[in-house]
Structures are given as C-alpha cells and as structure tokens.
Amino acid sequence: MAKKEELDPETLALINWCIEVEGFLVAGGATVAEAQDHIEEQIEWFTDQFYDGLTPEEAAKAALA
C-alpha cells in the first residue's frame, strides 16, 4: 500500500473549495455524479476560478451558465 502523501494547505483548500462547488452544482440541478464528472473534466478551469478568487457559488453559477 502506498504511503499517503501529505497535501499542502493550498491543495487542501482547492479540494475543499471544489467540494463546495459540487454542492452548488447539485443544488443547481446536477446529480452528484454529474457534478463530480464536470469538475474532473474541467479541473483546470475550476482551478483558475479558485485562484481568481471566485466563491464556490460564483464558480458553480458560471459553470451552469
């Protein structure tokens, strides 16, 4: 079994931010699987939104637009 890597605080913040985005996507009508797939497929875009300072809700609204 591989040793679990320690994630740096920035990576953890991005992961937690994406989890919040997922909740807003689901609230906007996506299934959990659809929301997760979309975030995975568009991770570079979502990462840019994270670093641009968008809230999870703002990023989800932009993704649903």
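It should be noted that the structure appears before, not after, this text.
One structure accompanies this document, and this report is about it. Every residue gets a number counted from 1 within its own chain, in the order that chain's sequence is written. Totals for whole chains, interfaces and linings use all residues, but because this is a predicted model, local features are given only for residues with pLDDT of at least 70 and pairs of side-chain atoms are given and counted only at 80 or more. Side-chain descriptors were evaluated using all non-hydrogen atoms of the structure, hydrogens and water having been removed beforehand.

**A closer look at a nonpolar patch on the surface**
On the surface, a nonpolar cluster with roughly 330 Å² of combined accessible area is contributed by Leu 7, Leu 12, Ile 15 and Ile 19. By definition, any uninterrupted DSSP run of H or I lasting at least four residues is a helix, any uninterrupted run of E lasting at least two residues is a strand, and each is numbered from the N terminus. Mapped onto the elements, Leu 12 comes out in helix α1 (residues 9-27). Nonpolar side chains (Val, Leu, Ile, Met, Phe, Trp, Tyr) within 5 Å and like charges within 9 Å form the patches, drawn only from residues with over 30% relative accessible area and no salt bridge. Only the protein chains shown count as cover for residues, with accessible areas throughout obtained via the Shrake-Rupley method and a probe of 1.4 Å. Salt bridge criterion: a side-chain nitrogen from Lys or Arg within 4 Å of a carboxyl oxygen from Asp or Glu.

**Re the packing of α1 against helix α2 (residues 32-41)**
In helix packing, the relevant descriptors are the interaxial angle and the interaxial distance, both defined with respect to the helix axes. Axes, fitted as lines to C-alpha atoms, cover a helix only where it is in contact. Angles between the N-to-C directions of the axes lie from 0 to 180 degrees. One way to put it is that α1 packs onto α2 with a least axis distance of 9 Å and a crossing angle of 130 degrees. Comparing their axes, α2 and α1 come out oblique. In the crossing of α1 with α2, the sense of the turn from one axis to the other is right-handed. Residues Cys 18, Val 21, Glu 22, Leu 25 and Val 26 of α1 lie in contact with α2, whose contacting residues are Val 32, Ala 35, Gln 36, His 38 and Ile 39. Its residues placed into classes, the contact of α1 with α2 shows 7 nonpolar, 2 polar and 1 charged. Working definition: roughly parallel below 35 degrees, roughly antiparallel above 145 degrees, roughly perpendicular at 65 to 115 degrees, and oblique for all remaining angles. By definition, any crossing whose near helix is turned counterclockwise from its far helix by less than a right angle is left-handed, and any crossing with a clockwise turn is right-handed. Between two residues, a contact is recorded if the distance between any of their heavy atoms is within 4.5 Å. When residues are grouped by polarity, Ala, Val, Leu, Ile, Met, Phe, Trp, Tyr, Cys and Pro land in nonpolar, Asp, Glu, Lys and Arg in charged, and all others, Gly among them, in polar.

**Focus on the packing of aromatic side chains**
Whether two aromatic rings pair depends on their centres lying within 6.5 Å, for rings of Phe, Tyr and Trp, where Trp uses its six-membered ring; planes under 30 degrees apart make the pair stacked, over 60 edge-to-face, and the rest tilted. Counted according to the given criterion, the structure contains 3 aromatic pairs. Arranged with centres 5.5 Å apart and planes meeting at 70 degrees, the rings of Trp 17 and Phe 50 form a pair that is edge-to-face. Separated by 33 residues along the polypeptide, Trp 17 in helix α1 and Phe 50 in helix α3 (residues 43-51) bring together distant segments of the chain. For the exposure calls, accessible area comes from a 1.4 Å probe over protein chains only, and a residue counts as buried if that area is under 20% of its type's maximum, exposed if over 50%, partly exposed in between. For Phe 50, a relative accessible area of 19% gives the class buried. Centre to centre, the rings of Trp 45 and Phe 46 are 4.9 Å apart; their planes meet at 85 degrees, and the pair counts as edge-to-face. Given a relative accessible area of 30%, Trp 45 falls into the partly exposed group. Judged by relative accessible area, Phe 46 falls into the buried class, the value being 0%.

**Notes on the pattern of salt bridges**
According to the stated counting rule, one finds 1 salt bridge in the structure shown. A salt bridge links Lys 61 to Glu 57, with the nearest nitrogen and oxygen atoms 3.8 Å apart. Of this pair, Lys 61 and Glu 57 both sit in helix α4 (residues 56-64), separated by 4 residues, roughly a single helical turn.

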